[in-house]
Structures are given as C-alpha cells and as structure tokens.
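# Residue-level structure breakdown
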Amino acid sequence: MIILLKKTIKITMLFDFYGSLLTDKQQEIIKSYFFNDLSLSEIGANIGISRQGVYDHLHRSEASLKDYEAKLGLLKKYNRIRAKINDLEKIMTDKGILIEDKNEDLRKKMESIKSIL
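Residues numbered from 1 in each chain as written. Predicted model: local features only at pLDDT ≥ 70, side-chain atom pairs only at ≥ 80, totals over all residues. Heavy atoms only, no water.

### A word on the pattern of salt bridges
Tallied over the full model, the rule gives four salt bridges. One salt bridge connects E89 with K114, and the closest N-O pair in it is separated by 2.7 Å. One end of the pair, E89, is in helix 5 (residues 74–94); the other, K114, is in helix 6 (residues 104–116), with 25 residues separating them in the sequence. Using a relative accessible area of 26% as the deciding quantity, one classes K114 as partly exposed. Between D94 and K90 there is a salt bridge, with its nearest N and O atoms 2.9 Å apart. Of this pair, D94 and K90 both sit in helix 5, four residues apart, which is roughly one turn of that helix. Classification of D94 by relative accessible area gives exposed; the value is 55%. Overall, K90 belongs to the exposed group, its relative accessible area being 52%. (Salt bridge = Lys/Arg side-chain N within 4 Å of Asp/Glu carboxyl O. Helix = DSSP H or I, 4+ residues; strand = E, 2+ residues; numbered from the N terminus. Buried < 20%, exposed > 50% of the residue type's maximum accessible area, 1.4 Å probe, protein only.)

### Some thoughts on a nonpolar patch on the surface
On the surface, a nonpolar cluster with roughly 260 Å² of combined accessible area is contributed by L21, L72 and L74. Within the fold, L74 resides in helix 5. What makes L74 partly exposed here is its relative accessible area of 36%. (Patch = residues over 30% accessible without salt bridge, like charges linked within 9 Å, V, L, I, M, F, W, Y side chains within 5 Å. Areas by Shrake-Rupley, 256 points an atom, 1.4 Å probe, with all protein chains shown as cover.)

### Considering helix 1 (residues 2–18)
Along its 17 residues, helix 1 runs 24 Å from first to last C-alpha, staying within 8% of the 24 Å computed at 1.5 Å per residue. For helix 1, the set of buried residues is I11, T12, L14, F15 and Y18. All buried residues of helix 1 fall inside an arc of 160 degrees around its axis, so they share one side. More than 90 degrees from the buried face of helix 1, the exposed residues found are I2, L5, K6 and D16. Looking at the packing, one finds that the buried side of helix 1 touches helix 2 (24–35), helix 4 (51–72) and helix 5. (Expected span 1.5 Å × (residues − 1). Arc of directions from axis to C-beta. Contact = heavy atoms within 4.5 Å.)

### With respect to the packing of helix 1 against helix 5
Contact geometry for helix 1 and helix 5: axes closest at 9 Å, N-to-C directions at 105 degrees. By the angle between their directions, the pair helix 1 and helix 5 is classed as roughly perpendicular. Contact with helix 1, carried on its side by M13, L14, F17 and Y18, involves L74, L75, Y78 and N79 of helix 5 and no other residues of that element. Considering only residue class, the contact of helix 1 with helix 5 consists of seven nonpolar, one polar and no charged. (Axes fitted to C-alpha atoms, helices over the stretch in contact; angles between N-to-C directions. Parallel < 35°, antiparallel > 145°, perpendicular 65-115°, else oblique. Nonpolar A, V, L, I, M, F, W, Y, C, P; charged D, E, K, R; others polar.)

No statement about biological role is implied by the geometric values presented.
Printed below as a string of structure tokens:
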C-alpha cells in the first residue's frame, strides 16, 4: 500500500513537471487514473479503448515521464532546492532571525520563496 502511494506521488509530481510533453490522450489517461482514481476499465469506457489499451498507454506514459526526469532532472532539482530552503528556514528560526517582530522583510521574503515552490 505504501509503495503504491509513493508511486502515485512520484508520478503526479512528474506529471506536474512534464505532463504537457505527453500527448493529449496520455494526459487524459494519467489524470483519470492518478488524479481521479478511475479504474482501467472505467477509463477505457470513457475514451473508447480496451482496458489493455489503457494499461499500455498508462505504462508508456509513466515511462515517458521517468525518461524526461532522467534527462532533465527537474524534479530532483526541485527537491534539492526545497530541502535547502527548509534547512535555511530552520537555521534562521533557531537563531531567532525569523521572529515576527524582527526582520519582517526577511521573513516575508522567505515565505514568498516557499510559496513559489
């Protein structure tokens, strides 16, 4: 169950970065399966292909997303930046730099950076 959840999270994050590079049909199948939790049979009925056809499209779509990540590494870079920002925020909080009545401009800047990610 946890493995399936981790896979779902990874595919949805990859889709956020690279989904627009997929065909319209691949996008629809990924959205239907991972975001709307439809079964392969339900997706097939909605778009007029067999359950096996949906499975094949889904498998190729996932492979494409993973291939884009292997070549471009945007998700890996995003995760590294996010971790560095969290580390920086913890250090600044521990040192009292981000206290509300102190360095408000710095605190707001940190919040705006986090909201971008």
